[in-house]
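Chain and residue survey
Read off the chains here:
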Amino acid sequence: MPLKTKPSQRGTKWDNDWLQEKDNSGVLISKWCQQDRIEGKAYCRACSRSFSIMQHGISAIRQHADGQNHKIQISAIGQQKTMTSFFSVMNDDPAKQAVSSTTISEQAMAANLRFSLLVAQKDLSFNLMDQFTSLLPVAFPDSAIAQQFACCRTKTTYLVNEALAPFAKEQMFDLLRKSHFSIMLDEGTKRDRSYLAVLARVFSTEHQNVPIVMIGIKELTDSTAEGMKTVVKELLREGNIPVKHVLSVMTDSCNAMRGQNNGLLAKLKEELPHLIDVGGCSLHHVHNAVQYAVKALDTSGETEGLLDDVYNNFRFKSRRKAFHQTALNLTEHAFIRRVETRWLQVLIVVRRILEQWPALQQFFSNQQNIQNDRARRIREALTDKALARLQFLEQALPRCEKIEKLFQNESTQVHLLSSSLDDLCGCILTCFVREDVVNETNSLSDLADRAKERSNQLNNASLVIGGKTRETVDRLSPIDRIGFYKSVRDFYCELVQRLFSYLPLQNKILRALRFVDPNYLLGEDFNFDRTVLRVAKTMSTVIAVDELDELRLEVTRLRVSNSELEKSNPEKFWSCLPTATYPLLSKLGRSACCIPHGNADSERFLKWLANDLTKQRNKLS
């Protein structure tokens, strides 16, 4: 007779809607309760303990709230001062009123919190607070607050980890729970350990901007797309942040992130089909295209070799001093190291070399019997041919640098992305393609295909290479001159082909997001169907299908009204747009502002993290 198997245990699962309910005392459940990390349990922040909800669900939560110990803890919390009350005494005008109504000990605690926040914000050493605490009463003997100031390194660590960090985290996460947002992902490595950083862009009407919120960072034990997907879902679940609120995911362009079939974005879309894809980080795309184009300009690698050799030769102070003694009244600037992973950093390296070019030539021409191989390579490379390449890069790369600088901005720029990329590609094409070919071609993509044909390109005298470059090229031999012009054409062709291959130039949603700009939304060229309607249909979790007609009416009312809202700043415009009058349009516009225009924010965060994981910051552990 076969053995009977034990039936699987079944129970009630956590429901986020419970947080909007009240307990039997009339207190909102979200004030003290949250989902526990262990499935089937809830966590009471007032009592600091977990309890099971497997059998009775929300009834178990209300039963816990009826306990005597819980009521005592809730009562004590009601009598405690909030974290914001300590900071309010340090504000401008309210401070003078609040200081008079608070005790000296409360003002001293506010000072402790302020200085602890400063230490964390400015990456100061926690050990500094030992000396600062003993110094403050001596420096300000007439201040009662200074006499009671007590915040050495141990207390500073406690205030940062146990007070400031949880308070700030809860405020930020509460905003994510109530609003739609986009996430930005990036993987970084420090000390042979891989980390995945998850940041969010969310609209804040209170501050009239789109702050960057750190959802979390975790060490990766599995760097595959599936492993990173698991980490993202875990971080969202730990913060009780609804996954359905995610509008878009911004990553770099590696296969693990954006692989067509097995990338992280593809796997997230399987569960969240409403995700908006704006084509990945255009900053990475432009940078990668420039890297390939520079190599096409000089296939031998002599130009990049010269940049590296000059930096390595003069990185020591003694050699720099000897060099500057022979400089021709030039500014004593140190040479800059070329780093391929930094966006278009090669441009500032080129500019520094060109600034010191006459001094370099004089310095190495005066040296006889050079024994150092690097110095010998530099002297041999200081030719008009190399100078022409560097001068050409100096005039060609700023077109791409302009894009890189604009979209590293933290403020909303997504409405400018599509037109800016079109302008970049069009500007580069006109540098080497004949004007009649440009005029008779209907689209940029067709023009990029025709640009590869030599018959459609400008002649050598008309190629855009810069005046200084042309003067140097005229000094070259006929053979070197022909080779230089060929390399310039190769540079432009490679750059154009890479840009059209990488950039989201045909992304209709990206073009539709220009309605975020108030000047377009209220201008004569506005098209509802191609912009607002297209984005609204894609953001199905923000605007329902049966609300589209009402959305059209709201846009019409706004356009015919004499609105005096701020138009130069999209974030202020959408913050001030009356929610009562335009409920759907305001919600759509604020959600659209959250769409990332690049991945620079996560790159900056990983750089900050790398600086934080040092011995100087060990007190954070």
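Below, the structure is looked at part by part. (Residues numbered from 1 in each chain as written. Predicted model: local features only at pLDDT ≥ 70, side-chain atom pairs only at ≥ 80, totals over all residues. Heavy atoms only, no water.)

For the rest of this paragraph, the subject is the overall build of the protein. Looking only at helices and strands, one finds 31 helices and 7 strands in the protein. Burial status across the protein gives 45% buried among its 621 residues. Sequence separation of at least 24 residues holds for 66% of the intrachain contacts in the protein that already meet a minimum separation of 6. With an accessible surface of roughly 32600 Å², the protein has 49% of that area assigned to carbon and sulfur atoms. (Helix = DSSP H or I, 4+ residues; strand = E, 2+ residues; numbered from the N terminus. Buried < 20%, exposed > 50% of the residue type's maximum accessible area, 1.4 Å probe, protein only. Contact = heavy atoms within 4.5 Å. Areas by Shrake-Rupley, 256 points an atom, 1.4 Å probe, with all protein chains shown as cover.)

Before going further, it helps to examine the sheet that holds strand β2 (residues 41-44). Sheet strands pair via backbone hydrogen bonds, and the direction of the pair is either parallel or antiparallel. Pairing within the open sheet is antiparallel, and its 3 strands lie in the order β1-β2-β3. Here the strands that pair on one side only, and so sit at the sheet edges, are β1 (33-35) and β3 (49-52). The average undirected angle you get between the axes of adjacent strands in this sheet is 35°. Two elements, β2 and β3, share 4 bridges in a ladder whose sense is antiparallel. Bridge pairing links lysine 41 to serine 52 in β3. Those strands touched by helix α1 (residues 58-65) are β1, β2 and β3, and its axis lies near 135° from that of β3. (Pairing = 2+ DSSP bridges. Axes fitted to C-alpha atoms, helices over the stretch in contact; angles between N-to-C directions.)

Strand order in this open sheet of 4 strands is β6-β5-β4-β7, and the pairing throughout is mixed. Either end of the sheet is taken by a strand with one partner, and the two such strands are β6 (212-219) and β7 (246-250). Going across the sheet, the axis of each strand differs from the next one's by a mean of 25°, ignoring polarity. Where strand β4 (residues 181-190) meets β7, 3 bridges bridge the pair, whose relative direction is parallel. Residue pairing for β7: methionine 184 is matched across the bridge by methionine 250. Packing against the sheet, helix α9 (residues 225-238) makes contact with β4, β5 (193-202), β6 and β7, and its axis sits at approximately 125° to β6.

For the rest of this paragraph, the subject is the packing of aromatic side chains. Where two aromatic rings form a pair, the distance of their centres and the angle of their planes describe that pair. Taken as a whole and assessed by the stated rule, the structure comprises 17 aromatic pairs. With 5.6 Å between their ring centres and 65° between their planes, phenylalanine 314 and phenylalanine 363 make a pair best called edge-to-face. On the criterion of sequence distance, the pair formed by phenylalanine 314 in the loop between α13 (302-313) and α14 (317-325) and phenylalanine 363 in helix α16 (residues 357-365) is long-range, its members being 49 residues apart. Take phenylalanine 314 and phenylalanine 363: they sit in the same class, and that class is buried. Through pairs of rings, three or more aromatic residues link up here, namely Phe392, Phe432, Phe484, Tyr485, Phe491 and Tyr492. Looking at arginine 498, its charged tip hangs above the ring of tyrosine 292, at a distance of 3.6 Å from the centre. (Phe/Tyr/Trp six-rings, centres within 6.5 Å; stacked < 30°, edge-to-face > 60°. Lys NZ or Arg CZ within 6 Å of the ring centre and 35° of its normal.)

In this fold, phenylalanine 149 is placed in the loop between α7 (144-148) and α8 (153-178). In this structure, the C-alpha to C-alpha distance between phenylalanine 149 and serine 134, residues 15 residues apart in sequence, is 8.9 Å.

Counting 114 residues, the largest nonpolar core has Phe392, Phe491, Phe515 and Trp574 as its most contacted members. Broken down by element, this core gets its largest block of residues, 10 residues, from helix α24 (residues 478-502). Look past the residues within four positions of tryptophan 574 in its chain and what remains in contact with it is Phe203, Phe515, Val516, Leu521, Leu585, Ser586, Gly589, Arg590 and Cys593. In terms of nonpolar packing, the next biggest core, distinct from the first, is built from 27 residues, Ala200, Ile215, Met228 and Leu264 among them. (Core = buried A, V, L, I, M, F, W, Y, C linked by side-chain atoms within 4.5 Å.)

So yeah, pure geometry; function would need other evidence.
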